[in-house]
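Coordinate analysis (summary)
Given next are the chains, with one letter for each unit.
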Amino acid sequence: MSDLRERLFAASPEALAELSERHRDAIVAEFRDWLVVPEPLRADPAATQAYVGAVVRIAQQLADAGEPRPLGWLAGEGRDDPVARWQAQLANAQELTEAGSPDVAAGVLVALLDSLSDAGGPVVDDLATHARGALSAALLDLGDTGGARACARAALEGCVAAFDLDGIRIYTENLDLLDALAAGPELEALREGLAEAQDLSDAGRYGASNELLQELAGHEDIDRYAGKLCGLVGLNLFRLGDLDGAREWTGAALRSCDAADDLYGMTIYTENLRVIDRAAPAPA
Amino acid sequence: MAVDIGDLATATPEELLADPGRLLAAGHRAVAARALAYAHATGARAYDEIGFRWSAALPVRDATPLQTLDATRLEHARELARREDPRVARARELQPRLRHRPLDMPLDGDFRFEHRMNVLELTRRWTDSEGREQQDLWTFPLSAPPSPLLRDAIAKDEPELAGASIRIEASGMRWLPLRTLLARGHFPRMQDCREELVATMESGAFYAFVSHRWLSRAEPDPDGGQARYAAWQLVAHLCDALRAAGRRGLHEPRRYNPLTGFAVGVAGSELAEALLVNVLRAALDDDGLREALAEIAPLERELADFGVARAAADTDLAGLRELLAPRPRLTALVDRIHVWYDYSCIPQAPREAADDALFVAGLKELAACQILGRTVILLDDAEDYLSRGWCTLEALTADTMSGRTDVLVGSERGTAREGHAEHYFGTLLQDRPHIAWRAILDTEVFGVQTPDECMRRLGLALSDPADQPLVYDRLRGVPAPRKLHTDASELWTGVVPLPVLGDGRVAVPRSGERAVRGHTREPAGTLDWTGALAIGGPPGDIPEPFLRLAQDGCHAALIGSCEGECVLLARWLLAHAGELPAPVATVSWLAVDIAPVGELPCGSLRAQPVAAPLWLIVGQGTALEHGAAGPALDRALAAAGVPYLELALDERRLTLVHPAPAEKDVEAVAVPPEGFPVHEGGLLRQWALGALV
């Protein structure tokens, strides 16, 4: 750690003001290097947070004293730190895919993953996970479902390793989509039916939604979506005032998700059971 | 001041949109100036092109940036360019609906929400037991939102049609009964159905002004498609109204959450709710409702897409007549619906001399038809619709004067069910009134162009060029937009007044978020300044954004949606200051502009210390309540302990506010000897309060 930075980090507010004034030029010269959290701290969220807090305090102090550039660099100006550059590359690639240039996007992402392979730490791991997810989307647009699946799986593994729950949901959904594309029209018809049942439910047509779900329950691939089907039947029954039925079907949804290691489904249906119990406590 | 955009000059908007990171190269303070320079760099004259280039040159990608036709074209071209395998596209569309759905939101965590089509997506952030930051997604339909949104909701029905209580004597207004359309199977020419037209508007009936494109010069609807789509959807929305009434109760009002700005709980479409209020409540009692519900029960799945699929194949509306035949209750309700469709309701050329007066009267009363009835837009091609002078005028009249527009699917298309065209149109329509308003201000207030050029720059075409003066005159008469579109990408120019504290420093607000504090608000009289934003108000020079009129008195802080609007406000204030309960010593104006495509005589932003014992804050009610500038001034005044009078122009009342003390997000700053910096080109809302001083 630079000696100057160490002294600034440890300074009281009064001392910080005095040090900032005295070493203004040196701080400005070094400041951009301080924007990258040092490797040893990255695994420790509390230490990372303390580091970032100290950097912000110094930038604020300088801004108050009439030197706004460090605060601007913190807000994204300049962008000559590697993390910001990688993030910009990732955003650029996502825009390129949206703009209909998945081939260019894939090139940017492969280069980005290459750069990231020389670095480490949670920020880099997170970027690599998202880059793999973005590469999966670009490859899918290019018609390479095999490559898309491999990247989505790698992204999912990254999220599992980091216990990133939202990432796990996102890439599980992406893999589900890829499975659906690989499967035949039967599975497509089931997915269409479930989506229509959801639309009916969203429009408040709960009875019609459950009628359709009843038809879908006999579908040969229904095990794949058993949690969704049971959960939606339970939700519709709850809205129709049948709390016992809602509890029974939501319980079934929870068991299905548990059996399928579907963490997101387990979170949702555990909460749904709480809501049902609040509306009418379960019999003792 | 010359702004260096050498690094951007040769880039196309598409390239900038693909790489927003480069737009921060000169620092966030320079973003607005560079974006303005880029917007005008090619000498672009069309307002839409200026807006598109402005948006493309912004690195800020907030939820709802300015929507322009060019941006929509690009989005459409992108969709085509993606050449996405239709199976992949469909699988992607289905995926969010296959996600697990909650009944309510959990009690822990911080939430932010986004509104997408008919669902709310709440993202919960929380820290897990291992200290890791986590987030997850909770998706709710608006029909069953999480309980806190329902708890804060208030009763808010769609309004009764004004035509039920207001009559126009000797009117040229004529309405076509929906049953006539059903019987004929197409929109008849006015001269072929004049005996069936009705001239008076009755309570308990519904009158829909149908705004549409003419698909050929001689006939608006040569293949009868508009008739099919209009009829099926009106009937389907009526069924939706019955369903909503059945589930909620015929006289139970719809619920509306004022904080989020949308209806929550059991509700039909907005058009269905209007039919419920205007037709069902007058025509049905509980038994009648039960009978009608029994009639439509088998149609629930069939009409879930509002009849769009059935309309596509129903030649001459035979299928719809067949559907209604065994349903007397529903048919009786359909008989209460009327439409205004130009081809059927005003005499068409060639016409007899005796019809000329009726034609002129009908044309004169177009706006009245819209205000007394309810406008439904039959949409097939959003871009083409908004490039037509009459269509744009009708859309702006409905949106600005009544605040309500119902969009119906107007033609067969693959995505009709998903509502893509309607979604694009909705977002485009959000900003059309703002762009048109700036064009009118450029013409009428700044005098930089003729009405003809104004129409050209708005990209409005008319099949009969002789209509141009009439359409321009009507556009000029459409009031300033009352709807607020606020976004981190809006441009702030003018002056941010800052109250002086006891020690000589000024209170600088660092946030424009509305704070819920214990303010004391007392009525302080009425004041009708609704004319302040009318074109043709008091003339005068272009007022500077900060004016000193006297040594003692209050400070008037004006907040407008653009510099042209601020000029109107300032001129009005200078001419009517005597009507205020306190003398005015100083005036400032601040433009908060989502669409900076018009003239910017100031074009910069600065802070101005103001020592006054009382302030007056003036602006449109929505801007004061939901924008960022009003709450920011409130925060500064709260810190300074200065009371203020609030005048919401559209509410015609003064409110005296004693703000509760504020400490959060406000800072005491010493005024530098040379004064506060001037930010040439202004600042985006994203950074306006942080970088101001």
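A quick note: this is a predicted structure, and the numbers were derived from the prediction, not measured. (Residues numbered from 1 in each chain as written. Chains lettered and ligands numbered in written order. Predicted model: local features only at pLDDT ≥ 70, side-chain atom pairs only at ≥ 80, totals over all residues. Heavy atoms only, no water.)

1. Concerning the overall build of chain A
Operational definition: Helix numbers and strand numbers start at the N terminus; a helix is a DSSP run of H or I with at least 4 residues, a strand a run of E with at least 2. The size measure is the radius of gyration over C-alpha atoms, and the globule rule it meets is 2.2 Å times the number of residues to the 0.38 power. For this analysis, residues touch if any pair of their heavy atoms sits within 4.5 Å. Note on areas: Shrake-Rupley, 1.4 Å probe, and residue coverage restricted to the protein chains presented here. Positive charges come from Lys and Arg, negative ones from Asp and Glu, while His and the chain ends are left out of the count. In plain terms, the charge of a residue is placed at NZ if it is Lys, CZ if Arg, CG if Asp and CD if Glu.
On a plain count of helices and strands, chain A comes out with 16 helices and 0 strands. Relative to its length of 284 residues, chain A is extended, with a C-alpha radius of gyration of 26 Å against a globular reference of 19 Å. Pairs at least 24 apart in sequence give 52% of the contacts found in chain A among residues at least 6 apart. Split by element, the accessible area of chain A, about 12,900 Å² in all, is 54% carbon and sulfur. Separation between the mean location of the 23 positive side-chain charges and that of the 49 negative ones in chain A comes to 5 Å.

2. Overview of the overall build of chain B
We apply this condition: Each residue gets one of three labels from its accessible area relative to the maximum for its type: buried under 20%, exposed over 50%, partly exposed in between, using a 1.4 Å probe on protein chains only.
Counting its regular elements, chain B contains 25 helices and 24 strands. Since a compact globule built from 693 residues should have a radius of gyration of about 26 Å, the 27 Å found for chain B is in line with a globular shape. Residues classed as buried in chain B amount to 58% of the 693 residues present. The contacts in chain B between residues at least 6 apart in sequence include a share of 79% that link residues at least 24 apart. As displayed, chain B has an accessible area near 27,600 Å², and 51% of this comes from carbon and sulfur atoms.

3. Re the interface of chain B and chain A
Let me state the cut-off plainly: Buried area is understood as the total, over both parts, of accessible area removed when two parts are fitted together, assessed with a 1.4 Å probe. Salt bridges, as used here, are contacts in which a Lys or Arg side-chain nitrogen is within 4 Å of a carboxyl oxygen on Asp or Glu. Distance and chemistry together define a polar contact, namely a pair of N or O atoms within 3.5 Å, with one atom able to donate a hydrogen and the other to accept it when in protein, and with adjacent residues in sequence counting only for side-chain atoms on both sides.
Contacts between the two partners involve 55 residues from chain B, matched on the other side by 66 residues from chain A. Summing both sides of the interface, chain B and chain A together bury roughly 5,400 Å²; the carbon and sulfur share of this comes to 49%. Per-residue buried area on chain B facing chain A is highest for His100, Leu103 and Arg301 of chain B; these three make up 16% of the total on that side. Counting across the interface, chain B meets chain A through 8 salt bridges. Linking aspartate 141 of chain A and arginine 92 of chain B is a salt bridge whose minimum nitrogen-to-oxygen distance equals 2.9 Å. Across the chain B-chain A interface, the total number found is 26 residue pairs in polar contact (both at pLDDT 80 or more). Among the secondary structure elements, those contributing two or more residues to the side of chain B that touches chain A are helix H1 (13-18), helix H4 (69-82), helix H5 (86-94), strand S2 (119-127), strand S3 (133-141) and helix H8 (225-248) of chain B.

4. Points about the packing of aromatic side chains
Residues and elements named next belong to chain B. Selection rule: What counts as a ring pair is set by centres within 6.5 Å for rings of Phe, Tyr and Trp (its six-membered ring), and what kind of pair is set by the plane angle: stacked under 30 degrees, edge-to-face over 60, tilted for all other angles.
For the structure on display, the rule yields 5 aromatic pairs over all chains. Look at phenylalanine 209 and tryptophan 340: their rings are 4.6 Å apart centre to centre, the planes differ by 5°, and that puts the pair in the stacked class. With a gap of 131 residues between them, phenylalanine 209 in strand S6 (residues 206-211) and tryptophan 340 in strand S9 (residues 337-340) connect regions that are remote in the sequence. With respect to class, phenylalanine 209 is no different from tryptophan 340; both count as buried.

5. Comments concerning helix H8 (residues 102-116) of chain A
All names here are of chain A. How we decide: In this scheme, a helix's expected span is set at 1.5 Å multiplied by one less than its residue total. Taking the helix axis as origin, the arc is that swept by the directions to the C-beta atoms.
Spanning 15 residues, H8 covers 20 Å between terminal C-alpha atoms, matching the ideal 21 Å at 1.5 Å per step. For H8, the complete set of buried residues consists of Pro102, Ala105, Ala106, Val108, Leu109, Leu112, Leu113 and Leu116. What you see down the axis of H8 is that its buried residues fit within an arc of 165°, all on one side. In the core, the buried residues of H8 are packed alongside helix H7 (82-98) and helix H9 (122-141).

6. A few points about unusual backbone geometry
All names here are of chain B. The omega angle of the peptide bond from alanine 349 to proline 350 is -10°, so this bond is cis rather than trans. When you line up the elements, proline 350 lands in the loop between helix H14 (342-345) and helix H15 (353-364). Phi at arginine 652 is positive, roughly 60°, even though this residue is not glycine. Assignment of secondary structure puts arginine 652 in the loop between strand S20 (644-648) and strand S21 (653-658). You can call arginine 652 partly exposed: its relative accessible area is 44%.

7. Here we look at the packing of H8 of chain B against helix H9 (residues 270-283) of chain B
Residues and elements named next belong to chain B. Note the following rule: Here, axes are lines fitted to C-alpha atoms. For helices the fit covers the stretch in contact, and angles between N-to-C directions go from 0 to 180 degrees. Angle categories: roughly parallel below 35 degrees, roughly antiparallel above 145, roughly perpendicular from 65 to 115, and oblique for all the rest. Any residue outside Ala, Val, Leu, Ile, Met, Phe, Trp, Tyr, Cys, Pro, Asp, Glu, Lys and Arg is labelled polar, Gly included; the first ten of those are nonpolar and the last four are charged.
One can describe the packing of H8 onto H9 by two numbers: an axis separation of 8 Å at closest approach and a directional angle of 75°. In terms of orientation, H8 and H9 fall into the roughly perpendicular class. Counting all contacts with H8, which are made through Leu234, His237, Leu238, Asp240, Ala241, Leu242, Ala244, Ala245 and Arg248, the residues of H9 involved are Leu271, Ala272, Glu273, Leu275, Leu276, Leu280 and Arg281. Across the contact of H8 with H9, the residue classes break down as 11 nonpolar, 1 polar and 4 charged.

8. What to know about a nonpolar patch on the surface
All names here are of chain A. In plain terms, the rule: The residues that make up patches have over 30% relative accessible area and no salt bridge, and they are joined within 9 Å when like-charged or within 5 Å when they are Val, Leu, Ile, Met, Phe, Trp or Tyr.
Together, Val52, Val56 and Leu74 line one region of the surface with nonpolar side chains, adding up to about 190 Å² of accessible area. Looking at the element boundaries, valine 56 is found in helix H5 (residues 45-64). Since its relative accessible area comes to 36%, valine 56 is described here as partly exposed.

9. Quick notes on the pattern of salt bridges
Per the counting criterion, the structure on display carries 51 salt bridges over all chains. Overlapping salt bridges, with partners in common, bring together Arg149, Asp176, Asp179, Arg191 and Arg224 of chain A in one network.

10. Side note on the environment of phenylalanine 111 of chain B
Inspection of the secondary structure puts phenylalanine 111 of chain B in strand S1 (residues 110-116). Spatially, the C-alpha atoms of phenylalanine 111 of chain B and aspartate 356 of chain B are 61 Å apart, while their sequence positions differ by 245 residues.

11. Details of the pairing of S9 of chain B
All names here are of chain B. To be explicit about the condition: We call two strands paired when DSSP finds no fewer than two bridges between them.
Burial along S9 is two-sided: Ile337 and Val339 facing one way and His338 and Trp340 facing the other are all buried. The pairing of strand S5 (residues 176-177) with S9 spans 2 bridges and is antiparallel. Its bridge partner being in S9, proline 177 is matched across the sheet by histidine 338. The pairing of S6 with S9 spans 4 bridges and is classified as parallel. Note on S9: the bridge partner recorded for alanine 208 is valine 339.

12. A word on the sheet that holds S1 of chain B
Across the sheet, 3 strands lie side by side as S1-S2-S3 (chain B); this open sheet has antiparallel pairing. Edge positions in the sheet fall to S1 and S3 of chain B, since each has one partner strand and no second. Here the average twist between neighbouring strands, direction ignored, is 20°. In terms of strand pairing, S1 of chain B meets S2 of chain B through 7 bridges, oriented antiparallel. Residue pairing in the sheet places arginine 112 of chain B in a bridge with threonine 123 of chain B of S2 of chain B. Of the strands in this sheet, S2 and S3 of chain B are in contact with helix H16 (residues 263-279) of chain A, which crosses S3 of chain B at around 60°.

13. Some details on the confidence of the model for chain B
Residues and elements named next belong to chain B. The criterion, for reference: Every residue carries a pLDDT, the predictor's confidence in it, which falls somewhere between 0 and 100.
Residues of chain B with pLDDT of at least 70 account for 96%, and the chain-wide mean is 90. Predicted confidence is poor over residues 414-418, with pLDDT under 50, and the contacts of this stretch with residues over four places away or in other chains come to 11 contacts. With pTM at 0.75, the complex prediction returns an ipTM value of 0.75.

14. What about the environment of arginine 45 of chain B?
Residues and elements named next belong to chain B. With respect to the element layout, arginine 45 can be found in the loop between helix H2 (31-40) and helix H3 (47-56). The sequence separation of arginine 45 and glutamate 453 amounts to 408 residues, and the corresponding C-alpha distance is 9.7 Å. In this structure arginine 45 touches Ile50, Gln449, Glu453 and Arg457, once residues within four positions along its chain are discounted.

15. Quick word on the sheet that holds strand S7 (residues 255-257) of chain B
Read across the sheet, 3 strands follow the order S4-S7-S8 (chain B) without closing on themselves; strand pairing throughout is antiparallel. Strand pairing shows two members of the sheet lacking a second neighbour, strand S4 (154-155) and strand S8 (262-264) of chain B, which therefore form its edges.

16. A short note on helix H15 (residues 243-259) of chain A
Residue and element names in this part refer to chain A. The first and last C-alpha atoms of H15 sit 24 Å apart over 17 residues, in line with the 24 Å expected at 1.5 Å per residue. Along H15, the residues that are buried comprise Gly245, Ala246, Arg247, Thr250, Gly251, Ala252, Ala253, Leu254 and Cys257. Where H15 is buried, its residues contact helix H14 (226-239) and H16. Trailing H15 by a residue or two, aspartate 261 shows a phi angle of about 55°, which is positive.

17. Things to note about the side chain of asparagine 257 of chain B
Residue and element names in this part refer to chain B. Looking at the element boundaries, asparagine 257 is found in strand S7. A polar contact of 2.8 Å, which involves the side chain of asparagine 257, links it to the backbone oxygen of leucine 149. Contact partners of asparagine 257, with chain neighbours within four places excluded, come to Leu149, Asp152, Ala153, Phe262 and Val264.

18. Regarding the side chain of arginine 213 of chain B
Residues and elements named next belong to chain B. Examined against the element boundaries, arginine 213 turns out to sit in the loop between S6 and H8. In this structure arginine 213 comes out as buried when scored by relative accessible area, which is 12%. Within the structure, the side chain of arginine 213 is placed 3.0 Å from the side chain of aspartate 380, a separation counted as a polar contact. When near neighbours in sequence (up to four residues on either side) are disregarded, arginine 213 contacts Pro220, Gln226, Asp380, Asp381, Asp384, Tyr385, Arg388 and Cys391.

19. Concerning the nonpolar core
Residues and elements named next belong to chain B. Condition: Residues belong to one nonpolar core when they are buried, are Ala, Val, Leu, Ile, Met, Phe, Trp, Tyr or Cys, and are joined through side-chain atoms within 4.5 Å.
The biggest cluster of nonpolar side chains holds 186 residues, and the ones touching the most others in it are Trp54, Leu280 and Trp492. Ranked by residues supplied to this core, first place goes to H8 with 14 residues. Setting aside residues up to four positions removed in sequence, tryptophan 54 forms contacts with Ala32, Ala35, Leu36, Ala39, Leu66, Ser489, Leu491, Ile594, Pro596 and Leu684.

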